[in-house]
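# Structural overview for review
Each chain, written out:
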Amino acid sequence: MQTFLEIDHISKTFPGVKALSDVHFDIYPGEVHSLVGENGAGKSTLIKIMSGVYQPDEGGTIRINGKETKIHNAMDAIRQGIAVIYQDFSLFGNLSVAENIVINQVIEKNRQVLNWKEIRKKAAEALRIVGADISPLETLENLSVAKQQMVAIASAVAQKAQMIIMDEPTSALSTTEVETLYGIIEKLKAENIAVMFVSHKMDELFRISDRFTVFRDGQYIRSCKKEEIDRGGLISLMVGRKIEFDSLANPVQNPEVVLEVSHLSKKGNFKDVSFELHKGEILGITGLVGAGRSEMVQALFGLNRPDSGSVKIDGKEAHIDNTWSAVDAGIGYIPESRQTQGLVLDKSVAENIALPQLKKYTGKFGFVNRKKQKETVGEWVEKLDVRPRNEELLAMQLSGGNQQKVVLAKWIATNAKILIVDEPTNGVDVGAKSEIHKILRQLADQGTSLIVISSELPEILAVSDRILVMRRGRISGEFVNKDLTQELIMDKAVVS
Amino acid sequence: MVKSLVKKREFTIFMIVVVIAVVIAISNSVFLRPDNIIDVLKSNSVIGIMALGMLPVLISGGIDVSVSSTIALCAVISGKLLTISGANLFVVLIVSIAVGAAVGLANGLIISKLKISPIVATLGTMSIVLGAVLYWTNGEWITNLPEDFKSFGTATVAGIPIQVIIFIALIAVTALILKYTLVGRGVYAIGGSTSSAVRVGYNVDKIQTLIYVFTGMTVGLAAVVHTSIVQQVDPNTFTGLEMDVIACVVIGGASTMGGSGSVTGTVLGVLLMAIMKNGLILARIPTYWQDIVVGLIIVFAVSIDVLNRNREQEKLVRVDVEE
């Protein structure tokens, strides 16, 4: 049988990072082929190449129905029969279901005047093929997430897509809604439409896939039929990233508990989260993207108010309603996206570091004492080895790794007792990663208690004393970091 | 269920219009007299026309504060054409609309191509255009408009002033554009999600530019309509008009964050503002109070809009929690 799509030797290089390296993927009409891999394995990059968002490096080939082709842009991908159901669906909440389904075609055919009767008819037809019981007249934002997803799929069907890429389609669905989605995928197969499925959930992967392809670190690992592999086999293909860091775990636990979280819940964010954090300990929290890790720690820092549960600091009930009370309680938080949330890019290193505690440098009349600020800050720039060693440089002039050091310095300078670090080495090169790991460990040795969130298993294994695994908003596993493997952690992170 | 939310919103505005009308009618018998009603409609047709032009801007998530300067420019040009060369009405109308369109084109290109935020871009053109107008005219009035233009100003069709007829015609045109043209649907799409609009293939830059050109054209039309009512041109009279115009559209249910708004709502918003002002005048309340009332209404309408959005955001499920 002729493949619908076949890609060979495709690579994609971004400045400083090779996101995909010589990968292969093919898919047949009416087949469900799942792309599997950890966060950062290169799945999204491949999807973006297939959908025309990125252009691959020179040298690879893309064939559609056996003919070599190029996918120039998003419109071109649709024209060649490839549709993507993005996690955010790319729909318009303010418009009707019918318009959302059919507008692509109206634009494609460049019809300047709309025939609403025809649009509603076409939309109803597409909804019928998908088997969705939705009125074409309804405004999209009034629908549940599951129904909005059906609309997105119906839209792909209406565009005569021959291949539909579903990126983590079940991540926001309830169990019954997932069943409905399986039904829809069966209907698509019956229409001879190929479905490329991206998911982390083992049960659904084995339930609906015909074949798997595994990526790891931007490389093609293996393709195989569902019958040829089992769950454990698939997990071990996914994990085992080669990057290794020196283990910095400290086996001795200080009995003093500084933070005690009990039964913390927030609807649609996390549920029944309980754990303790000891003095001088590094507690690693891992899990897949979307497991509720960031949402949970943001609750500890007063950014995301929980519905129920309690937080105790040094044995005393803490009421953290906003970031000020969190800082007063001795908590520091370093968010995931340092460029947008952690740094003021067009201010100097000194000003950034001084920001959380400006009061210290402020004189009688509310003006900042620059000299005093510079002296204190200079000390930190030196301690954390920020390069170049010039506190007057603008934050945007530093490399990613050094920016991250500035963010660390900013919060360390507040003498926080508890420091929460979300993805500390995101977008930082390997050398700087180990340096940052060492800084985190030094802090812990000096008595600071740290919560480190990371999706990178090698990193979590290198820095943590204990590890919590989160899955779908709950804590699904807790380990002391001794004789642990990536497989053991991954097993708790994926849904069984 | 059909568009229940939008319908409900417009129904609410309609009910407020009715309630206020009843209150004013009870306290002052003049209000419901046909000549008062026609007068109110006539004098508010200018704001109405400009509000229809502002509507697509707000739907797309933008704003245009330059309309008050642009109408001054168009009115001055119309006035000069009428007095100096005695051009016929049709030519004056075309020129005025073309000048408005040109300012709109400048706004649209600055916003879509240079990616400068609409408030900054139109504040800039507002200042430039008004400065140019005042430099050119020294703020002097243009009077002595020709007789045939005066008779156009007082013309009626079946007892309805020509200005109101023009307003009604523009209501129909705007409604048709927004509902039945691809560009009109693009306006809603951009307001709903610009990134999705790009992904489905809308030419976002082009549509954005056209939106501001349309606004400019309605302003050019409004300039001639205004001149026909007052029969003179005072370059300084339009200052602050942009707030009244934006207020009408926002009161009519258009979100300042884009994505929603309708012609029906905007017309109701214009009516609401019109009868409120008329009520204040009939009650002999000083005109300064009008500005305060308008300001309060804008803050109120926008606050409700923002609060609603925040509440919806808060309800969003971020993680599929295992129950």
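For the structure given in this document, a descriptive report is provided here. (Residues numbered from 1 in each chain as written. Chains lettered and ligands numbered in written order. Predicted model: local features only at pLDDT ≥ 70, side-chain atom pairs only at ≥ 80, totals over all residues. Heavy atoms only, no water.)

With that settled, the discussion passes to the state of the cysteines. One pass over the structure, following the stated rule, counts 0 disulfides over all chains. Left without a disulfide partner, cysteine 74 of chain B is nearest to the cysteine sulfur of cysteine 248 of chain B, which lies 19 Å away. (Disulfide = S-S within 2.5 Å.)

On to the interface of chain B and chain A. For interface size, the figure often reported is the accessible area lost on association. Chain B puts 29 residues into the contact, and the matching count from chain A is 44 residues. Roughly 3100 Å² is buried in total at the junction of chain B and chain A, and carbon and sulfur atoms are behind 51% of that figure. Taken together, chain B and chain A are joined by 1 salt bridge. Ionic pairing is found between glutamate 99 of chain A and arginine 185 of chain B, a salt bridge with its closest N-O pair at 2.7 Å. At the junction of chain B and chain A, the tally comes to 7 residue pairs in polar contact (both at pLDDT 80 or more). (Contact = heavy atoms within 4.5 Å. Buried area = accessible area lost by both parts, 1.4 Å probe. Salt bridge = Lys/Arg side-chain N within 4 Å of Asp/Glu carboxyl O. Polar contact = N/O pair within 3.5 Å; in protein donor to acceptor, adjacent residues only side chain to side chain.)

Attention shifts here to the packing of helix H2 (residues 34-59) of chain B against helix H12 (residues 263-282) of chain B. Residues and elements named next belong to chain B. Contact geometry of H2 with H12 gives a least axis separation of 9 Å together with a crossing angle of 140°. Taken as axis vectors, H2 and H12 run oblique relative to one another. Judged by the sense of rotation from one axis to the other, the crossing of H2 with H12 is right-handed. Counting all contacts with H2, which are made through Asn36, Val40, Leu41, Asn44, Ile47, Gly48, Ala51, Leu52 and Leu55, the residues of H12 involved are Val263, Thr266, Val270, Leu271, Ala274, Lys277, Asn278 and Leu282. Broken down by class, the residue content of the contact of H2 with H12 amounts to 11 nonpolar, 5 polar and 1 charged. (Axes fitted to C-alpha atoms, helices over the stretch in contact; angles between N-to-C directions. Helix = DSSP H or I, 4+ residues; strand = E, 2+ residues; numbered from the N terminus. Parallel < 35°, antiparallel > 145°, perpendicular 65-115°, else oblique. Left-handed = near helix turned anticlockwise from the far one by under 90°. Nonpolar A, V, L, I, M, F, W, Y, C, P; charged D, E, K, R; others polar.)

Within a pair of aromatic rings, the relevant descriptors are the distance that separates the centres and the angle that separates the planes. Scanning the model with the defined rule gives 5 aromatic pairs over all chains in all. Judged by centre distance (5.1 Å) and plane angle (70°), the ring pair of phenylalanine 14 of chain A and tyrosine 54 of chain A falls under edge-to-face. You can see phenylalanine 14 of chain A sitting in strand S1 (residues 5-14) and its partner tyrosine 54 of chain A sitting in the loop between helix H1 (43-50) and strand S4 (61-64), a full 40 residues away along the chain. A relative accessible area of 27% means that phenylalanine 14 of chain A is categorised as partly exposed. Tyrosine 54 of chain A gets classed as partly exposed once you look at its relative accessible area, which sits at 24%. Through successive ring pairs, a cluster of aromatic residues spans Phe301, Tyr333 and Trp411 of chain A. When the ring centre of tryptophan 136 of chain B is taken as reference, the NZ or CZ atom of lysine 80 of chain B above it lies at 5.0 Å. Lysine 179 of chain B extends its terminal NZ or CZ atom over the ring of tryptophan 116 of chain A, reaching a point 5.4 Å from the ring centre. (Phe/Tyr/Trp six-rings, centres within 6.5 Å; stacked < 30°, edge-to-face > 60°. Buried < 20%, exposed > 50% of the residue type's maximum accessible area, 1.4 Å probe, protein only. Lys NZ or Arg CZ within 6 Å of the ring centre and 35° of its normal.)

With that settled, consider empty space enclosed by the protein. A full pass over the atoms with the stated rule returns 4 cavities of 30 Å³ or more. Taken together, 20 residues line the largest cavity, and the ones lying closest to its centre are Ile78, Val84, Tyr86, Ser90 and Gln159 of chain A. Looking at the lining of the largest cavity, the elements with two or more residues in it are helix H2 (74-79), strand S6 (82-85), helix H3 (97-108) and helix H5 (145-158) of chain A together with helix H9 (194-200) of chain B. Among the elements that take part in the lining of the largest cavity, S6 of chain A stands out by supplying 4 residues, more than any other. Split into classes, the residues belonging to the lining of the largest cavity amount to 13 nonpolar, 6 polar and 1 charged. In this model, the second largest cavity occupies a volume close to 60 Å³. What lines the second largest cavity is simply Glu38, Asn39, Thr286, Gly287, Leu288, Ser455, Leu457, Met490 and Ala493 of chain A. Those elements that provide at least two residues to the lining of the second largest cavity are strand S13 (282-287) and helix H17 (486-493) of chain A. (1 Å grid on protein atoms, 1.4 Å probe; cavity = no way out; pocket = protein on both sides within 12 Å on 5 of 7 lines; lining within 4 Å. Points joined across faces, edges and corners; volume = space filled by probe spheres on them.)

What holds strands together in a sheet is hydrogen bonding between their backbones, with the strands either parallel or antiparallel. Residues and elements named next belong to chain A. Taken together, 6 strands build an open sheet; the order of strands is S16-S17-S18-S13-S19-S20 and the sheet is mixed. Only two strands of the sheet have a single neighbouring strand rather than two, namely strand S16 (331-334) and strand S20 (474-480). Pairs of neighbouring strands in the sheet enclose a mean axial angle of 20°, with direction left out of account. In terms of strand pairing, S13 meets strand S19 (residues 466-471) through 5 bridges, oriented parallel. Paired with glycine 284 across the two strands is isoleucine 467, which belongs to S19. Seen against the sheet, H17 touches S13, S19 and S20 and runs at an angle of roughly 35° to S19. (Pairing = 2+ DSSP bridges.)

Moving on, we get to the layout of surface pockets. Residue and element names in this part refer to chain B. Of the volumes computed, that of the second largest pocket is approximately 810 Å³. As for the second largest pocket, its lining consists of 26 residues, and the residues nearest its centre are Ser43, Ile47, Leu241, Asp244 and Lys277. For the lining of the second largest pocket, the elements supplying multiple residues, two or more each, are H2, helix H10 (204-230), helix H11 (241-251), H12 and helix H13 (288-315). Looking at the lining of the second largest pocket residue by residue, the class counts come to 11 nonpolar, 10 polar and 5 charged.

Looking now at the packing of helix H7 (residues 162-180) of chain B against helix H8 (residues 182-192) of chain B. Residues and elements named next belong to chain B. Here H7 crosses H8 at 75°, and the two axes come no closer than 5 Å. Relative to H8, the element H7 lies roughly perpendicular. Across the interface between the two elements, Ile177, Leu178, Lys179 and Tyr180 from H7 touch Leu182, Gly184, Arg185, Val187 and Tyr188 from H8. Residue composition of the contact of H7 with H8, grouped by class: 6 nonpolar, 1 polar and 2 charged.

This part takes up the pattern of salt bridges. All names here are of chain A. Going through the model one piece at a time under the given rule, you end up with 23 salt bridges over all chains. Across the pair glutamate 281 and arginine 466 runs a salt bridge, and its minimum N-O distance is 2.7 Å. Of this pair, glutamate 281 sits in the loop between strand S12 (270-278) and S13 while arginine 466 sits in strand S19; the two residues are 185 residues apart in sequence, bridging distant segments of the chain. Glutamate 281 gets classed as buried once you look at its relative accessible area, which sits at 3%.

Time to look at a nonpolar patch on the surface. Residue and element names in this part refer to chain B. Residues Phe11, Phe14, Met15, Val18, Val22 and Ile26 make up a contiguous nonpolar surface patch of about 560 Å² in total accessible area. Turning to its location among the elements, phenylalanine 11 is positioned in helix H1 (residues 4-27). The class for phenylalanine 11 is exposed, based on a relative accessible area of 51%. (Patch = residues over 30% accessible without salt bridge, like charges linked within 9 Å, V, L, I, M, F, W, Y side chains within 5 Å. Areas by Shrake-Rupley, 256 points an atom, 1.4 Å probe, with all protein chains shown as cover.)

Further remarks concern the environment of serine 43 of chain B. Residue and element names in this part refer to chain B. Here serine 43 shows up in helix H2. Residues serine 43 and glutamine 163 lie 120 residues apart in sequence; the distance between their C-alpha atoms is 8.5 Å. A polar atom in the side chain of serine 43 sits 3.3 Å from the backbone oxygen of valine 40.

Residues and elements named next belong to chain A. Taken together, the 4 strands give an open sheet; going across it, the order is S12-S11-S14-S15, and neighbouring strands pair in antiparallel fashion. With one partner strand each, in any of the chains shown, S12 and strand S15 (316-317) form the two edges of the open sheet. As paired elements, strand S14 (residues 308-313) and S15 share 2 bridges and run antiparallel to each other. Following the sheet pairing, isoleucine 313 is matched in S15 by lysine 316. Along the sheet face, helix H9 (residues 293-300) touches strand S11 (257-266), S12 and S14 and points at about 65° away from the line of S12.

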